Amino acid sequence: MAIRVESEMHRRRRSQNFGVAICLVLFIFLMMGLSFVKLTNSGPVEGYDHAPRPSMEEIDLK
Amino acid sequence: MAYVTEHNTDYDPVFSDYIALLKPRVMSLVVFTAFVGLMAAPISLHPVEAFCAVLFIALGAGASGALNMWWDADIDAIMVRTKMRPIPSGRTSRDAALGLGVALSGLSVLMLGLASNWHAAGWLAFTIFFYAVVYTIWLKRMTPQNIVIGGAAGAFPPLIGWVAATGSVSIESVLMFALIFMWTPPHFWALALFMRSDYDDAKIPMLTVTHGRKSTRRHIMVYAMLQSALAVTLAFTSVGGMIYLTIALICNLIVLRNASLIWLRNEADAEADNFKFERSFFKFSLLYLFLHFLAILAEALLSPYGLGGW
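Residues numbered from 1 in each chain as written. Chains lettered and ligands numbered in written order. Predicted model: local features only at pLDDT ≥ 70, side-chain atom pairs only at ≥ 80, totals over all residues.

## With respect to the overall build of chain B
Along the backbone of chain B there are 14 helices and zero strands. Dimensions of chain B, computed from the C-alpha atoms along their principal axes, are close to 60 × 50 × 30 Å. Taking contacts inside chain B between residues at least 6 apart in sequence as the whole, the part at least 24 apart equals 73%. (Helix = DSSP H or I, 4+ residues; strand = E, 2+ residues; numbered from the N terminus. Contact = placed C-beta atoms within 7 Å.)

Structure, rendered in structure tokens:
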């Protein structure tokens, strides 16, 4: 089906659609920035693989 | 409940109509106080995390504003102060306000939890629930103490900002909450004294209607004293200092003077000068809150240079 020529409704709702689009784009960039900060500022990440690791063992200070 | 408002179906809402549903003026106060709460906290966040925390707290406040407009559409249409809001003026439908309010509530709580911590997100969820359900739906039309209880919702942002940074509640954050909590009732009672027909027409049980105007004047005086005591106490915590103490002393002397002028005069005098003192109390109380939080922010920003704090 061919893409229709812009209807009158699209014109009336342009402000609404444009505003939502800007919000979504800003949200994407915000999430990218937040993810970058969280990942670069956190300490080393270790996944649990059901195998004993030195970092999991209790240290006997006696 | 009879709804007096109809959505004008010939009009398609523009983006700014949806922004208006979020009460941007209230949001600006929320942004400022939440930011101060966050900056005054002893643990500092990365600027991006801090920005996200304040943004999602503000979004939560906006969501509760939309839910408030959804429920109060009928009385908003009656009051002069509120009848140009998007729903009573026919620019948006009640369903749109409900949808926006619910969606942004969920989004703001979820995102604050992910961006900061779940303790802060829990406080934000409680605040939205408190404002939309406890205040708007339950108590606003039921008790003359509506504004006292509703004031709590507006008082939470600095506490949430603090919790977003530290992960816990402290005496400083509770005192910042208490200051706004005590500030809210006299601020709105002064408004009710000079905008009296609005609340009467909407049949909202404001103190001026249920207990009389003389009692309201007395209440303003008592709350102004409590508010002043709290404001000065905050000066002696870790967020206070000489700057804050000086501003608090000056502002609270002015507030106590203005409150006593309202308390001591009668209705005839008030009507004769078109509620001059009530209007000046209302206007100054906006500046009062701004100056207190600005002073806390100044203390926080100057303390690394040895100038702020005790």
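## Re the overall build of chain A
If you tally the helices and strands in chain A, you get two helices and zero strands. Of all 62 residues assigned to chain A, the portion counted as buried reaches 0%. (Buried ≥ 20, exposed ≤ 12 C-beta atoms within 10 Å, placed from the backbone.)

## Focus on helix α11 (residues 213-234) of chain B
Residues and elements named next belong to chain B. Helix length check: α11 (22 residues) gives 31 Å between terminal C-alpha atoms against 32 Å at 1.5 Å per residue, within 8%. Looking at α11, one finds that the buried residues are T216, R217, H219, I220, Y223, A224, Q227, S228, L230, A231 and L234. Buried residues along α11 sit against α8 (171-194), α10 (207-210), α12 (242-264) and α14 (276-302). (Expected span 1.5 Å × (residues − 1).)

## Some words on the interface of chain B and chain A
Listed per partner, the contact involves nine residues of chain B and 11 residues of chain A. With three residues, the top contributor of residues to the side of chain B that touches chain A is helix α3 (residues 47-71) of chain B. Looking at the side of chain B that touches chain A residue by residue, the classes come out as six nonpolar, one polar and two charged. (Nonpolar A, V, L, I, M, F, W, Y, C, P; charged D, E, K, R; others polar.)

## Quick notes on the nonpolar core
Residue and element names in this part refer to chain B. The biggest cluster of nonpolar side chains holds 102 residues, and the ones touching the most others in it are L38, A53, I57, A66, L112, I160 and L179. Looking at this core, you find at least three residues from each of domain 1 (15-168) and domain 2 (170-310). Setting aside residues no more than four positions away along its own chain, L179 makes contact with Q227, L230, A231, L234 and H292. (Core = buried A, V, L, I, M, F, W, Y, C linked by C-beta atoms within 7 Å. Domains from an automatic or database assignment.)

## Focus: the domain arrangement of chain B
Residue and element names in this part refer to chain B. For chain B, the domain assignment lists domain 1 (15-168) and domain 2 (170-310). Just the C-alpha atoms count here: the centres of domain 1 and domain 2 sit 21 Å apart. Contacts between the two partners involve 28 residues from domain 1, matched on the other side by 26 residues from domain 2. When contributions to the side of domain 1 that touches domain 2 are tallied by element, the ones reaching two or more residues are α2 (24-40) and α7 (146-166).

## Regarding the packing of α2 of chain B against α14 of chain B
Residue and element names in this part refer to chain B. The N-to-C vectors of α2 and α14 enclose an angle of 30 degrees; their axes lie 9 Å apart at closest approach. One element, α2, and the other, α14, form an angle in the roughly parallel class. Crossing handedness for the pair α2 and α14: left-handed. Where α2 approaches α14, its residues F32, T33, V36, M39 and A40 are matched on the opposing element by F293, I296, L297 and A300. (Axes fitted to C-alpha atoms, helices over the stretch in contact; angles between N-to-C directions. Parallel < 35°, antiparallel > 145°, perpendicular 65-115°, else oblique. Left-handed = near helix turned anticlockwise from the far one by under 90°.)

## Concerning the packing of helix α6 (residues 118-139) of chain B against α7 of chain B
Residue and element names in this part refer to chain B. Between α6 and α7, whose axes approach to 9 Å, the crossing angle comes to 170 degrees. With respect to each other, α6 and α7 are oriented roughly antiparallel. Note on element contacts: α7 touches α6 through N146, I149, G150, A152, A153, F156, L159, I160, V163 and A164, opposite H119, A120, W123, L124, T127, F130, Y131, V134, Y135 and L139. Partitioning the contact of α6 with α7 into residue classes produces 16 nonpolar, four polar and no charged.

## Re the environment of S238 of chain B
Tracing the sequence through the fold places S238 of chain B in the loop between α11 and α12. In sequence terms S238 of chain B and E299 of chain B are 61 residues apart; their C-alpha atoms lie 9.6 Å from each other.

## Regarding helix α5 (residues 94-115) of chain B
For α5 of chain B, which comprises 22 residues, the first-to-last C-alpha distance of 31 Å matches the rise-based estimate of 32 Å (1.5 Å per residue) to within 8%. Residues of α5 of chain B that are buried in the fold lie against α2 (14-41) of chain A together with α1 (15-21), α3, α6 and α7 of chain B.

## Side note on unusual backbone geometry
Residue and element names in this part refer to chain B. The backbone of K23 sits at a positive phi, close to 50 degrees, despite the residue not being glycine. Considering the arrangement of structural elements, one finds K23 in the loop between α1 and α2. When the 19 C-beta atoms within 10 Å are taken as the criterion, K23 is described as partly exposed. Within the chain, F275 stands out as a residue other than glycine whose phi angle is a positive 55 degrees. Residue class for F275 comes out buried when judged on the 20 C-beta atoms lying within 10 Å of it.

## A short note on the confidence of the model for chain B
Scored by pLDDT, chain B comes out at a mean of 92, with 97% of its residues at no less than 70. The complex prediction reports pTM at 0.87, with the ipTM value standing at 0.78. (pLDDT = per-residue confidence, 0-100.)

## Quick word on the environment of D76 of chain B
All names here are of chain B. Within the element layout of this structure, D76 appears in helix α4 (residues 73-76). A sequence separation of 11 residues divides D76 from I87, and the C-alpha atoms of the two residues are 8.4 Å apart. With residues up to four places along the chain from it excluded, the contact list for D76 reads M69, T82, K83, R85, I87 and P88.

## Overview of the environment of W183 of chain B
All names here are of chain B. In this structure, W183 sits in helix α8. Its 25 C-beta neighbours within 10 Å are what place W183 among the buried residues. Along the chain, W183 and A155 lie 28 residues apart, while their C-alpha atoms are 9.1 Å from each other. Sequence-distant contacts of W183, that is, excluding residues within four places in its chain, are made with Q227, S285 and L289.

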